[in-house]
Amino acid sequence: MSTETYSARTSEEYLKTRIDFKTEAYRRKGERYRWSYLITAATAAIAAAAVPVLINLDGVSPLVPTLLSLLVTILVSVEGIFHLREHWKNYDLMKSFLRQEACLFQAQAGVYRDKDAHEAFVLLVERVEDGISKERAQTIEMRTARTNDQQTPRDRDSRSSSTANQQVEDTD
């Protein structure tokens, strides 16, 4: 689609320039993350399954299973850092949400039932923009959140000590 900005002047313009555009963008992103996740997960699973077999085969250099184990570790780490599966699911849910809102609005069904055209359009814009805003916040949170593996010893120690302090307070 074009790089022009979206318009909320009329429902037709909004559906075309915002909802259709964002639906397609979420579809593309979802597909990219879906394939990235599937390739990463499948490769890691196959490599992990091959390691014990290769260790027990005569004539296989010990370097081969070692390198496969390293590959598995790297792939699992990449998934833990980039959250490929979670992004895929979020983008797919947003695509479905936008399609559903557009269908309900166009059919004057659901929350759009018994509303005049302007009131239904304002409600559509509010719901869609709220959904997009929440998705952005979730994506930012997911991209910046530390997993347990990424925490520094100081982060873990502070959490452990606060948990221990809480347990002491609970027993008092």
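Scroll up to find the structure this text is about.
Structural notes, computed from the coordinates. (Residues numbered from 1 in each chain as written. Predicted model: local features only at pLDDT ≥ 70, side-chain atom pairs only at ≥ 80, totals over all residues. Heavy atoms only, no water.)

Digging into the packing of helix α3 (residues 84-107) against helix α4 (residues 117-144)
Keep this limit in mind: Helix axes are fitted to C-alpha atoms over the stretch in contact, other axes to C-alpha atoms as well, and angles between N-to-C directions run from 0 to 180 degrees. A run of H or I in DSSP counts as a helix once it spans at least four residues, and a run of E counts as a strand once it spans at least two, with each numbered from the N terminus. Reported orientations rely on four angle classes, namely roughly parallel under 35 degrees, roughly antiparallel over 145, roughly perpendicular from 65 to 115, and oblique for the rest. Only heavy atoms matter for contacts: two residues are in contact if any of them lie within 4.5 Å across the pair. Each residue gets one label: Ala, Val, Leu, Ile, Met, Phe, Trp, Tyr, Cys and Pro are nonpolar, Asp, Glu, Lys and Arg are charged, and the others, such as Gly, are polar.
At a minimum axis distance of 11 Å, the contact between α3 and α4 shows a crossing angle of 180 degrees. The angle between α3 and α4 places the two elements in the roughly antiparallel class. Where α3 approaches α4, its residues Glu 86, His 87, Asn 90, Tyr 91, Met 94, Phe 97, Leu 98, Glu 101 and Phe 105 are matched on the opposing element by Ala 120, Phe 121, Leu 124, Arg 127, Val 128, Gly 131, Ile 132, Glu 135, Gln 138, Thr 139, Met 142 and Arg 143. Split by residue class, the contact of α3 with α4 holds eleven nonpolar, five polar and five charged.

Describing the pattern of salt bridges
Worth spelling out the cut-off: The working definition used for a salt bridge is a side-chain nitrogen of Lys or Arg within 4 Å of a carboxyl oxygen of Asp or Glu. A simple rule labels every residue: compare its accessible area, found with a 1.4 Å probe on the protein chains alone, to the largest value its type can have, and call it buried under 20%, exposed over 50%, or partly exposed in between.
For the coordinates displayed, the defined rule picks out eight salt bridges. For Glu 101, the salt bridge identified is with Arg 127, shortest N-O distance 2.8 Å. Placement of Glu 101 in helix α3 and of Arg 127 in helix α4 is noted, with a sequence separation of 26 residues between them. The buried category is assigned to Glu 101, whose relative accessible area is 2%. A salt bridge links Lys 134 to Asp 130, with the shortest nitrogen-to-oxygen separation between them at 3.1 Å. Within this pair, Lys 134 and its partner Asp 130 are both found in helix α4, separated by four residues, close to a single helical turn. Three or more residues are tied together by salt bridges with common partners; here these are Glu 24, Arg 27 and Arg 28.

Considerations on the nonpolar core
Heads up, the rule is: The definition of a nonpolar core used throughout is a set of buried Ala, Val, Leu, Ile, Met, Phe, Trp, Tyr and Cys residues joined through side-chain atoms within 4.5 Å.
In this structure, Tyr 14, Ile 19, Phe 105, Leu 124 and Val 128 are the most contacted members of the largest nonpolar core, which totals 19 residues. Listed by contribution, the elements that provide at least two residues to this core are α1 (11-56), α3 and α4. With residues near it in sequence (within four places) discarded, Tyr 14 still touches Tyr 6, Ser 7, Ala 8, Ile 19, Phe 121, Leu 124, Val 125, Val 128 and Glu 129.

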